[in-house]
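Listed below are the residues making up each chain.
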Amino acid sequence: LENFLASVGVTGDSSDFFARLLNLLFVYSSWKFQSSFASAAEQAMMEKLGPTATPIWDTVSNMSWILLNTEPLLDFDRPTLHKIVPIGGLGEWNRTLNIRQRNVLVSFGSVATTSKMPKEMKQTVLNAIKSHPDITFIWKYDQLDDPAAAGVDNLILSKWTPQTDLLGISATFGKPLVAIPLFADQMRNAQLAEKFGFGEYRMAALRMKNLLKHRPFTPQEKLVKTVEIAAQFGDMPELKVSGRKLGFVVYYNLDLLAMLFAIFALMTVVPLYLLYRCTRRRSFDTKLKPQ
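The rules behind each value
- Sequence order as written defines residue numbering, which begins from 1 separately in each chain.
- Local features in this predicted model are restricted to residues of pLDDT 70 or higher, and side-chain atom pairs are both shown and tallied only at a pLDDT of 80 or more, whereas totals for entire chains, interfaces and linings draw on every residue.
- Excluding hydrogens and water, the side-chain figures rest on all heavy atoms present in the structure.
- UniProt positions are given in the numbering used here, feature names are shortened, and annotations may be inferred rather than shown by experiment.
- Strand pairing requires that DSSP identify at least two bridges connecting the strands.
- Comment: elements are numbered from the N terminus, with helices defined as DSSP H or I runs of at least four residues and strands as E runs of at least two.
- Helix axes are fitted only over the stretch in contact, all axes being lines through C-alpha atoms; the angle between N-to-C directions runs from 0 to 180 degrees.
- In this analysis, rings of Phe, Tyr and Trp, with Trp reduced to its six-membered ring, are considered paired at centre separations within 6.5 Å, and the interplanar angle assigns stacked below 30 degrees, edge-to-face beyond 60, and tilted for intermediate values.
- Each residue gets one of three labels from its accessible area relative to the maximum for its type: buried under 20%, exposed over 50%, partly exposed in between, using a 1.4 Å probe on protein chains only.
- For the purposes of these results, a polar contact is taken to be a pair of N or O atoms within 3.5 Å, where, inside protein, one atom must be able to donate a hydrogen and its partner to accept one; residues adjacent in sequence count only when each atom of the pair is a side-chain atom.
- It only takes one pair of heavy atoms within 4.5 Å for two residues to be counted as in contact.
- For this analysis, a salt bridge means a side-chain nitrogen from Lys or Arg found within 4 Å of a carboxyl oxygen belonging to Asp or Glu.
- For a helix, the expected span equals 1.5 Å multiplied by the number of residues minus one.
- Grouping buried Ala, Val, Leu, Ile, Met, Phe, Trp, Tyr and Cys residues that are joined through side-chain atoms within 4.5 Å yields what is termed a nonpolar core.

You'll find the protein chain entered in an unreviewed UniProt entry as glucuronosyltransferase, with Haemonchus placei given as the organism. Quoted verbatim from the Catalytic activity (unreviewed entry) field of UniProt, the annotation for the protein chain is "glucuronate acceptor + UDP-alpha-D-glucuronate = acceptor beta-D-glucuronoside + UDP + H(+)".

In this structure, what is going on with the sheet that holds strand β3 (residues 102-106)? I would like to understand it.
The strands that make up a sheet pair up through hydrogen bonds in the backbone, lying either parallel or antiparallel. Pairing in this open sheet of three strands is parallel, and the strands run β3-β4-β5 from one edge to the other. Two strands lie at the open edges of the sheet, namely β3 and β5 (155-158), each paired on one side alone. Taken over all neighbouring pairs, the strand axes of this sheet differ in orientation by 20° on average, direction set aside. In terms of strand pairing, strand β4 (residues 135-140) meets β5 through four bridges, oriented parallel. Its bridge partner lying in β5, Ile138 is registered against Ile156.

What is the right way to read the packing of aromatic side chains from this model?
Between two aromatic rings, the relevant description is the distance of the centres plus the angle of the planes. Inspection of the entire model under this criterion finds five aromatic pairs. When the ring of Phe248 is compared with that of Tyr252, the centres are 5.1 Å apart and the planes differ by 55°; the resulting orientation is tilted. Under the relative-accessibility criterion, Phe248 is labelled exposed at 60%. Given a relative accessible area of 47%, Tyr252 falls into the partly exposed group. Geometrically, the ring pair formed by Tyr251 and Tyr252 is edge-to-face, given 4.9 Å between the ring centres and 80° between the ring planes. Every member of this aromatic cluster is reached through a ring pair, and the members are Phe248, Tyr251 and Tyr252.

Sorry, what's going on with the side chain of Thr136 here?
If you trace the backbone, Thr136 turns up in strand β4. The class for Thr136 is buried, based on a relative accessible area of 0%. Within polar-contact distance, the side chain of Thr136 engages the side chain of Arg100 at 2.8 Å. In this structure Thr136 touches Thr96, Ile99, Arg100, Arg102, Asn103, Val104, Asn154 and Ile156, once residues within four positions along its chain are discounted.

Is there a simple way to think about the UniProt feature "transmembrane region" (unreviewed entry) in the protein chain in this case?
UniProt tags residues 256-276 as "transmembrane region" (unreviewed entry). Split by type, residues 256-276 is 100% helix and 0% strand. Its first and last C-alpha atoms lie 30 Å apart.

I would appreciate a short explanation of the environment of Thr54 in the present structure.
Here Thr54 shows up in the loop between α2 (17-49) and α3 (56-61). Note: C-alpha distance between Thr54 and Glu42 (12 residues apart in sequence) is 8.6 Å. Residue contacts for Thr54: discarding those within four places in its chain leaves Met45 and Thr59.

Help me understand the pattern of salt bridges in this model?
When the charged atoms of two side chains lie near each other, side chains of opposite charge can form a pair. One pass over the structure, following the stated rule, counts four salt bridges. Across the salt bridge formed by Arg102 and Asp134, the nearest N and O atoms sit 2.5 Å from each other. With Arg102 in strand β3 and Asp134 in the loop between α5 (119-130) and β4, this pair connects stretches of sequence that are 32 residues apart. By relative accessible area, Arg102 is classed as partly exposed at 46%. The class of Asp134 is partly exposed, set by a relative accessible area of 42%. Between Lys240 and Asp235 there is a salt bridge, with its nearest N and O atoms 2.9 Å apart.

Hey, could you run me through helix α9 (residues 219-233) in this one?
It helps to recall that an α-helix has 3.6 residues per turn; residues three or four apart then point in one direction. The first and last C-alpha atoms of α9 sit 21 Å apart over 15 residues, in line with the 21 Å expected at 1.5 Å per residue. After α9 finishes, the residue Gly234 shows a positive phi value of roughly 65°.

Teacher, can you tell me more about the nonpolar core here?
What tends to happen in soluble globular proteins is that the nonpolar side chains get buried as a cluster. Formed by 13 residues in total, the largest nonpolar core has its most connected members in Leu126, Ile129, Phe137, Trp139, Ala149, Leu155 and Leu157. At the level of secondary structure, the elements contributing two or more residues to this core comprise α5, β4 and β5. The contacts of Trp139, once residues within four sequence positions are left out, are Val106, Phe108, Thr114, Met117, Lys122, Val125, Leu126, Ile129, Leu155, Ile156, Leu157 and Ser158.

Can you help me understand the environment of Arg100 in this one?
Among the structural elements, Arg100 can be located in the loop between α4 (94-97) and β3. Under the relative-accessibility criterion, Arg100 is labelled partly exposed at 23%. When the C-alpha positions of Arg100 and Ile135 are compared, they lie 6.2 Å apart, and in sequence the two are 35 residues distant. When neighbours within four sequence positions are excluded, Arg100 is seen to be in contact with Pro133, Asp134, Ile135, Thr136, Asp153 and Asn154.

Here it is, written out as structure tokens:
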């Protein structure tokens, strides 16, 4: 169940009960899913470097800068830190998408080994691509030197297609987006398109295009400046959060909650107990009073 919830990637910002419950389950399962990978990597490091190897989570928490492949205008709200710099939409795919006026992305998911699909099916896709020479086709394909795709000028093979970047590029060009999510972060990306409206209406897509155009800093500027600062100053303790060293009890304020509960209990139980004692004493005195 944990692996399934972590893989489907269903999240959102709805405040209804079941959406919040699903988000909570996903956060927990995602943490467990990532922890299993981190534990395996840490074990490999211990075997290679010995017991003096720095634990992975310590390395992550002590990073001065974290470059995040996301665009705040195209993402759900989240609490964040100053050292996390969003650089989504660097424009790597802009050059590809500008080769021709129209583009089509062909993808059967990140996990699918497309080169092993039946030859007839593969040839059908290639024939369809060849029949539209005025369109650039980007095919998520795991074997870039496949001879079957040789000589197709309007076809670009890519082992990995960043859905977040392509989502941002769709907004940058003011184009509505059709999304059919099946797996992992596809669900989340489709929900983002629905949230901001450019998955359905051209006016919303054009508005997002203008918002991205007038950003204070471009992703390229943020990336270059962050790398320059990191190269010049190195480790930056000013950006390290002290909370990374907090224990479980302090992090969740369990000691404060326990104190407040104790105070509430004293303020509630003690008066009730005194009232009970007074009532009982009065009843006892009444019974002893001579008739």
